[in-house]
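Spelled out, the chains give:
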Amino acid sequence: MSQLRLLPSRLGVQAARLLAAHDVPVFGWRSRSSGPPATFPSSKGGGGSSYMEEMYFAWLENPQSVHKIRGHHVAQLDPLGILDADLDSFVPSDLITTIDKLAFYDLQEADLDKEFQLPTTTFIGGSENTLSLREIIRRLENTYCQHIGLEFMFINDVEQCQWIRQKFETPGVMQFSSEEKRTLLARLVRSMSRFEDFLARKWSSEKRFGLEGCEVMIPALKTIIDKSSEMGIENVILGMPHRGRLNVLANVIRKDLEQIFCQFDPKLEAADEGSGDVKYHLGMYHERINRVTNRNITLSLVANPSHLEAVDPVVQGKTKAEQFYRGDAQGKKVMSILVHGDAAFAGQGVVYETFHLSDLPSYTTNGTVHVVVNNQIGFTTDPRMARSSPYPTDVARVVNAPIFHVNADDPEAVIYVCSVAAEWRNTFNKDVVVDLVCYRRRGHNEMDEPMFTQPLMYKQIHRQVPVLKKYADKLIAEGTVTLQEFEEEIAKYDRICEEAYGRSKDKKILHIKHWLDSPWPGFFNVDGEPKSMTCPATGIPEDMLTHIGSVASSVPLEDFKIHTGLSRILRGRADMTKNRTVDWALAEYMAFGSLLKEGIHVRLSGQDVERGTFSHRHHVLHDQEVDRRTCVPMNHLWPDQAPYTVCNSSLSEYGVLGFELGYAMASPNALVLWEAQFGDFHNTAQCIIDQFISTGQAKWVRHNGIVLLLPHGMEGMGPEHSSARPERFLQMSNDDSDAYPAFTKDFEVSQLYDCNWIVVNCSTPANYFHVLRRQILLPFRKPLIIFTPKSLLRHPEAKSSFDQMVSGTSFQRVIPEDGAAARAPEQVQRLIFCTGKVYYDLVKERSSQDLEEKVAITRLEQISPFPFDLIKQEAEKYPGAELAWCQEEHKNMGYYDYISPRFMTILRRARPIWYVGRDPAAAPATGNRNTHLVSLKKFLDTAFNLQAFEGKTF
């Protein structure tokens, strides 16, 4: 009995009870009495329980666990047969059945042929209740150690684990009908033999990032879509990298082939403004009938840059929005599919960020099917040098997503796995990963030579028989299809491609808008142009302001106890409403609330946005006596208002900003805002800003109205909490600094329409209110970058009157001087232009030096596109004044490099615009409080020293 103590630790409860009955401690189990051992089912034909059978049963629980948990390590996953998918050639000893191992359990070789009663926890028996030990081992190996490797035993839900076991252990589950096999063959023909080969023949020297080596991905994706459609899904949103994208567009989304082929024509002219993008980055939106289910299905492939995995959170955000607008809270109508490469899935941090949004209430899409095209290589990097984890898919384990590894040269195994994956997602509404272990027949692109770095792998790849030929030979041998039928299928698709190729030659103009992934029906004219080029006034009736202020200062729910400090804040709001004034938080409340009344959904997301980083917002009230009881007064404004969503995000910028960008793609009739905890935190989301927000319309003709709220201001808080890096946004603005504009009647709106994004730094709550409302009232959508304040949130001077927000008022791109200097402009010696918080420092200093009549201060509220017309008016109003630009940022940062050439253009270089501010520096701000104050005093002194620029040359 002593050797029983050496049993492996993964024992079932019954096995543990057996050993405990024999007074052998396992996991703390011991027999509770000195009675007989537990009774176990006897062997077939036996009269009672034997000691050997009890030992067998204890052993039986262990091998099942071993195969379930570790079988994937020895599964035959690599089509090339040269690598182990888990990067480890070691075979666990507990997966090898030997005579010594049998003896370890007091079993003999003859016992392998003895039949035993199967435990209720396994499905390998099917309709049989007893199997021989040899057959049990064979079935477990066939299930867990062949062309499918399963990772799921880490899931802490027994029902889900048993569901997966039943799907794979049940005998005969992978039997396909002749019709199903013929469909699979036809899909492989379209995927590989004709489409990829056709492109290779016609454009042999063009990059196309073909799918050769993983052609099975096309039938795999179609299977996921077919199964999901069968289970009620009506809308599928896909994201994927460049490899195989043209194939997916042609054979999954069903993009017209001639529109794909004409993209290879170098003489094709672009009909749309903007840069456009390479063909393997473009997206597509298509509604069609799913031929398998005969149901309507909408497919959307989201356009993306070369930055791998960057599209992941964008797809999830768009999916969440589509679910929201359909009222699909459980994800029964809309779902997402993400296709990944193995190196990127393991290496890109945004994958992890996106996974961690998957189960958060305001971000979940109720499960995504992830398909990894596992080429077993990066660009040129061996996977053993590219990841520390056994598999590229190990990141998915953090959210308990099952992982199904499958040999991509076994099409039937792939199709079955994908069907199960789709069923899993639509049953449990959780993520699932399908790892297609395959190879890349060519280099990273068709022009690349992979033999430089992977000679042995590519020698084997050159010998590798394509999967289509393997599968066709198999079906022909078994009589499912004839050689003639196979050749006819090839010829049929050949004709389709040739005919499309002929039509593509007639196309002379490329319309990128035909590749739009998120159309907004009815928002624009048929030709894609705005329905007007005007923007109505953004003010609202005073009774609406009063009503919103009243709700903002109350608790709409009964018996709801709020924090005493919050009571003081609400009283302050009530007092401001009574006095017809607003601070920053209340102005935001007014903007959101008024849009909700107009049927505009408002969504505010980011770190700690519910309360606000600076404890100013408080849009979610918390009951101080009932855990997790909350109230959102904004959703109690009007009986038929649009819903307001405010949600604290995970501690992520890249993933969450990408998510909100995708959310804003779905509809133009929503105000979607992302707030950084501090402005400079946006730099960890720089990829989304550079590749999607700044350039999205130019590349993909995609309008997007997302709003970025970036707290900004030099307040002595150190280098990391000061600057939102306005210089970066301004550098990427596309307005021409040297072009003197024509001031037409619709100049303001035309400027906005032509720009790639809008950059503002509001100095008053009223202007913040107006710019938020203007974002929705414009007849088009542009990203809006707002540098928001910190200290101004509570600054006694930073308040606005209702008079600046009522009907007839609107956003002020420039706020001119309105004091003594404006009443006698000819006496003004200096006109200072500035933006944002520094205005209040300047006003205070001017007052202390009694220079109100000699120095005028004008605020630039909209920085980009640059308000040439209003700046010209202001400069001409003070003809005898020196012009200065004052900023609190360092000279090589902030706004000066952007505004200076534009001032020169509009003034015809007749008058210089002098710089006043901090000297150039490497860091955005000092960490020393005294240094901060000294530099502030220095540039304020310069701003009001009327002799400061005498004798200087510009």
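Cut-offs applied
Residues numbered from 1 in each chain as written. Predicted model: local features only at pLDDT ≥ 70, side-chain atom pairs only at ≥ 80, totals over all residues. Heavy atoms only, no water. Pairing = 2+ DSSP bridges. Helix = DSSP H or I, 4+ residues; strand = E, 2+ residues; numbered from the N terminus. Axes fitted to C-alpha atoms, helices over the stretch in contact; angles between N-to-C directions. Contact = heavy atoms within 4.5 Å. Disulfide = S-S within 2.5 Å. Buried < 20%, exposed > 50% of the residue type's maximum accessible area, 1.4 Å probe, protein only. Phe/Tyr/Trp six-rings, centres within 6.5 Å; stacked < 30°, edge-to-face > 60°. Lys NZ or Arg CZ within 6 Å of the ring centre and 35° of its normal.

Visitor: Can you explain the sheet that holds strand β11 (residues 432-437)? Please cite residues and give values.
Guide: Strand order across the open sheet formed by 8 strands is β3-β10-β11-β9-β8-β4-β7-β6, with mixed pairing between neighbours. Two strands bound the open sheet, and with one partner strand each, they are β3 (148-151) and β6 (284-290). On average, each strand axis in the sheet is inclined to that of its neighbour by 20 degrees, with strand direction left out of account. Strands β4 (235-239), β7 (295-301), β8 (334-341) and β9 (368-374) of the sheet are contacted by helix α10 (residues 311-326), whose axis makes an angle of about 175 degrees with β8.

Visitor: So, the state of the cysteines: which residues are in play, and what are the values?
Guide: Covalent bonding between the sulfur atoms of two cysteines defines a disulfide. Per the stated rule, a full pass over the model turns up 0 disulfides. Cys214 takes part in no disulfide bond, and the closest cysteine sulfur, belonging to Cys438, lies 3.5 Å away. Residue class for Cys214 comes out buried when judged on its relative accessible area of 1%. Not part of a disulfide, Cys886 finds its nearest cysteine sulfur in Cys834, a span of 6.7 Å.

Visitor: An account of the sheet that holds strand β23 (residues 814-815) is requested, with residue identities and associated values reported.
Guide: Strand order in the open sheet formed by 5 strands is β23-β25-β24-β27-β28, and the pairing between neighbours is mixed. Both outer strands of the open sheet, β23 and β28 (913-918), are each paired with one neighbouring strand and no more. Direction of pairing for strand β24 (residues 830-834) relative to strand β25 (residues 855-860): parallel, over a ladder of 5 bridges. Following the sheet pairing, Leu831 is matched in β25 by Ala856. The strands touched by helix α28 (residues 838-848) are β24, β25 and β27 (882-890); relative to β25, the strand with the most contacts, the crossing angle is about 170 degrees. Sheet strands touched by helix α29 (residues 868-877): β23, β24, β25 and β27. Its angle to β24, the strand with the most contacts, is close to 160 degrees.

Visitor: Break down the packing of aromatic side chains for me, with residues and values.
Guide: Counting across every chain of the model gives 36 aromatic pairs. On the basis of an interplanar angle of 50 degrees and a centroid distance of 6.4 Å, the ring pair of Phe324 and Tyr663 is categorised as tilted. Remark: Tyr663 occurs in helix α21 (residues 654-665) and Phe324 occurs in helix α10; sequence separation between them is 339 residues. For Phe324, a relative accessible area of 31% puts it in the partly exposed group. Given the relative accessible area of 2%, Tyr663 is considered buried. A network of ring pairs unites the aromatic residues Phe198, Trp203, Phe261, Phe264 and Tyr501 as a single cluster. One cation-aromatic arrangement involves Arg603 over Tyr363; the distance from NZ or CZ to the ring centre is 5.2 Å. The lysine or arginine in question, Lys782, covers the ring of Tyr753, its NZ or CZ lying 5.4 Å from the ring centre.

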